[in-house]
Amino acid sequence: MSPKSAIAALAPAGRLRAAINLGNPILAGRDPATGEPRGVSVDLARRLAGQLGLELDLVVVDAAGKSVDVVAGEEADVGFFAIDPVRGRDIAFTAAYVLIEGCYLVHEDSPIRANEQVDREGVTVVVGKGSAYDLFLTRELRHAGIVRAPTSPAVVDAFAAGAGDVAAGVKQQLEADARRVGGMRLLDGRFMVIQQAMGLPRSAGAEAAALLADFVEQAKSDGFVAEALARHRIQGASVAPPATA
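As the structure is a prediction and not an experimental result, all values here were calculated from the model.

A tally of helices and strands in the protein yields 8 helices and 12 strands. For a compact globule of 245 residues, the expected C-alpha radius of gyration is about 18 Å, and the protein comes in at 18 Å, within 12% of that figure. Expressed along its principal axes, the backbone C-alpha trace of the protein runs to roughly 60 × 40 × 30 Å. Relative to its 245 residues, the protein shows a buried fraction of 49%. Of the roughly 11,100 Å² of accessible surface on the protein, a fraction of 50% belongs to carbon and sulfur atoms. Counting 25 positive and 30 negative side-chain charges, the protein places the centres of these two groups 1 Å from one another.

Attention now goes to unusual backbone geometry. Backbone geometry places Glu-74, a non-glycine residue, at a positive phi of 65°. With respect to the helices, strands and loops of the structure, Glu-74 is situated in the loop between helix H3 (64–72) and strand E5 (79–82).

Turning next to helix H8 (residues 224–231). Of the positions making up H8, those classed as buried are Phe-224, Val-225, Ala-228 and Leu-229. All buried residues of H8 fall inside an arc of 135° around its axis, so they share one side. For H8, the elements touching its buried residues are helix H2 (40–52), strand E6 (91–107), helix H7 (206–221) and strand E12 (237–239). Remark: Arg-233 follows H8 within two positions and exhibits a positive phi of approximately 55°.

All chains considered together, the criterion is met by 2 cavities of 30 Å³ or more. Asn-21, Asn-24, Ala-64, Ser-131 and Ala-132 are the residues nearest the centre of the largest cavity, which is lined by 19 residues in total. Elements represented by at least two residues in the lining of the largest cavity include exactly H3, E5, helix H4 (132–140) and strand E11 (192–201). The element that contributes the greatest number of residues to the lining of the largest cavity is E5, accounting for 3 residues. By residue class, the composition of the lining of the largest cavity is 10 nonpolar, 7 polar and 2 charged. Around the second largest cavity sit Gly-23, Pro-25, Tyr-133, Ser-152, Val-155, Val-156, Ala-168, Gly-169, Val-170, Gln-173, Leu-174 and Asp-177, which together line it. Secondary structure elements with two or more residues in the lining of the second largest cavity: helix H5 (155–160), strand E9 (166–170) and helix H6 (171–181).

This part covers the packing of aromatic side chains. Applying the stated criterion across every chain yields a total of 5 aromatic pairs. On the basis of an interplanar angle of 85° and a centroid distance of 6.2 Å, the ring pair of Phe-80 and Tyr-97 is categorised as edge-to-face. One end of the pair, Phe-80, is in strand E5; the other, Tyr-97, is in strand E6, with 17 residues separating them in the sequence. Neither residue differs from the other here; Phe-80 and Tyr-97 are each classed as buried. Clustering of aromatic rings is evident, with ring pairs tying together Tyr-104, Tyr-133, Phe-136 and Phe-191.

Once that is clear, we can look at the packing of H2 against H8. Between H2 and H8, the shortest axis-to-axis distance is 9 Å and the interhelical angle comes to 140°. Our classification of the angle between H2 and H8 gives oblique. The hand of the H2/H8 crossing is right-handed. Where H2 approaches H8, its residues Val-40, Asp-43, Leu-44 and Arg-47 are matched on the opposing element by Phe-224, Val-225, Ala-228, Leu-229 and Arg-231. Partitioning the contact of H2 with H8 into residue classes produces 6 nonpolar, no polar and 3 charged.

Time to look at the packing of H2 against H7. The interhelical angle for the contact between H2 and H7, taken along N-to-C directions, is 120°, at an axis separation of 11 Å. In terms of axis orientation, H2 runs oblique to H7. Two packed elements cross with a definite hand, and for H2 against H7 that hand is right-handed. For the pair H2 and H7, contact is made by Leu-44, Arg-47, Leu-48, Gln-51 and Leu-52 and by Leu-211, Leu-212, Phe-215, Gln-218 and Ala-219, respectively.

Conventions used here
Residues numbered from 1 in each chain as written. Predicted model: local features only at pLDDT ≥ 70, side-chain atom pairs only at ≥ 80, totals over all residues. Heavy atoms only, no water. Helix = DSSP H or I, 4+ residues; strand = E, 2+ residues; numbered from the N terminus. Rg over C-alpha atoms; globule rule 2.2 N^0.38 Å. Buried < 20%, exposed > 50% of the residue type's maximum accessible area, 1.4 Å probe, protein only. Areas by Shrake-Rupley, 256 points an atom, 1.4 Å probe, with all protein chains shown as cover. Lys, Arg positive; Asp, Glu negative; His and termini not counted. Charge placed at Lys NZ, Arg CZ, Asp CG, Glu CD. Arc of directions from axis to C-beta. Contact = heavy atoms within 4.5 Å. 1 Å grid on protein atoms, 1.4 Å probe; cavity = no way out; pocket = protein on both sides within 12 Å on 5 of 7 lines; lining within 4 Å. Points joined across faces, edges and corners; volume = space filled by probe spheres on them. Nonpolar A, V, L, I, M, F, W, Y, C, P; charged D, E, K, R; others polar. Phe/Tyr/Trp six-rings, centres within 6.5 Å; stacked < 30°, edge-to-face > 60°. Axes fitted to C-alpha atoms, helices over the stretch in contact; angles between N-to-C directions. Parallel < 35°, antiparallel > 145°, perpendicular 65-115°, else oblique. Left-handed = near helix turned anticlockwise from the far one by under 90°.

Listed below in structure tokens is the structure:
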């Protein structure tokens, strides 16, 4: 399939170590019956290991920032990330395989009715520390402040406890948490589209990066990603288009 040198560069331990972030429910979660990780990213990791002829080790974390850390620190060989220039210092990304909507959540009685009203003096936005939303909004917000919850799944509980005026995150996660907590509403539309990709340490080199990039394009083109999204009943995400040359 691929040159042995590329496989060795990608998985130098002779096993594929894949970082799985449970903080993004579109990508991964725990099986309620077994407690084992499951989801689109787990399926992709298993497929990659199978194609490479390697055993798979899952390095499970609860936040995007931790996933970045374990891959950048070479404690895992591959991971699943939102593409972001800050992360790109240490991680080489493939093209996106999934597009995810980022949305805002407010209290029912909030005077904020539209995304454009969020970036104002006196408004604070709650995000998961180190998440794609944290990185994006840190760059983009000019007037509103940011409050960082420890992880993305903790955002709505922090918001409900009074941590800020707006919660930001994955649309599906916000919707589920809003139903659980009550008294909240999503703003219409989205404030960003997240390009979710696979990545590996830059130290792995160009040959390993090309191998991973080809794997992602194949998984999109042959329907594997679409089938995984359907199998796990994921809403709020779509298969990314083919990479451009």
